[in-house]
Amino acid sequence: MNYGDTSFIGLVNAEKYKSFVDKDWELDKLIYHFTDEMKQGNILVCQMTEEGFAHSWKVDIKIGTDDIEGECFRRALGYIKVTDNRLFMVDYDCLTMAAQYEDELVPDENCSSYKIDIENGIYQVELIQYYNVDTDEHFGNSDRELSLNFVKKPEFQQKINNVFWCTI
């Protein structure tokens, strides 16, 4: 992801995700909204930095791969539903504009290029962060900074209480 505020990154089913929150949303309300939509399988959201750094992330996408072993900064596991044979990676700018204005789309023009073509179904997604942007430290393979590993599953088993790695 090359542009925009990447302090939070989302993986979104644009067909199902309900993006609008409120014209005057507060951050805690937005985090609650993300968490609620995550519980429904419409989006997965990660807080990528505690310091608010914008970074151009090198993202590795794997579909149908078994668990990825090896050293990393942190990892999370969630489920997402694919209903339109595609998902999009979106940045914080895209998510917040759509949360504030009903006529803003997810993905926006910038994030529409981060399309992931994937067969409809339920996927367990392993999100693995290898680069800590706050300390400028790589863990494991330095060729990638974030991996998304999709494994198709027969049923939805989401057990999420908050945005991944959220400190707010």
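In the block above lies the structure referred to throughout.
We now turn to the structure provided with this report. Here the structure is a predicted model, which means the values were calculated and not measured. (Residues numbered from 1 in each chain as written. Predicted model: local features only at pLDDT ≥ 70, side-chain atom pairs only at ≥ 80, totals over all residues. Heavy atoms only, no water.)

Moving on: the overall build of the protein. Across its full length, the protein holds 2 helices and 10 strands. The secondary structure elements of the protein, listed N-terminal to C-terminal, are β-α-β-β-β-β-α-β-β-β-β-β. Computed over C-alpha atoms, the radius of gyration of the protein comes to 15 Å, within 12% of the 15 Å expected from 2.2 N^0.38 for 168 residues, which places it in the range of a compact globule. Here the protein, with 168 residues, has 49% of them falling under the buried criterion. Counted over contacts in the protein with a minimum sequence separation of 6, partners at least 24 positions apart contribute 83%. Element-wise, carbon and sulfur atoms account for 43% of the exposed surface of the protein, whose accessible area totals about 8400 Å². Averaging the locations of the 16 positively and 32 negatively charged side chains of the protein gives two centres separated by 7 Å. (Helix = DSSP H or I, 4+ residues; strand = E, 2+ residues; numbered from the N terminus. Rg over C-alpha atoms; globule rule 2.2 N^0.38 Å. Buried < 20%, exposed > 50% of the residue type's maximum accessible area, 1.4 Å probe, protein only. Contact = heavy atoms within 4.5 Å. Areas by Shrake-Rupley, 256 points an atom, 1.4 Å probe, with all protein chains shown as cover. Lys, Arg positive; Asp, Glu negative; His and termini not counted. Charge placed at Lys NZ, Arg CZ, Asp CG, Glu CD.)

Shape is all these values report; function is a separate question.
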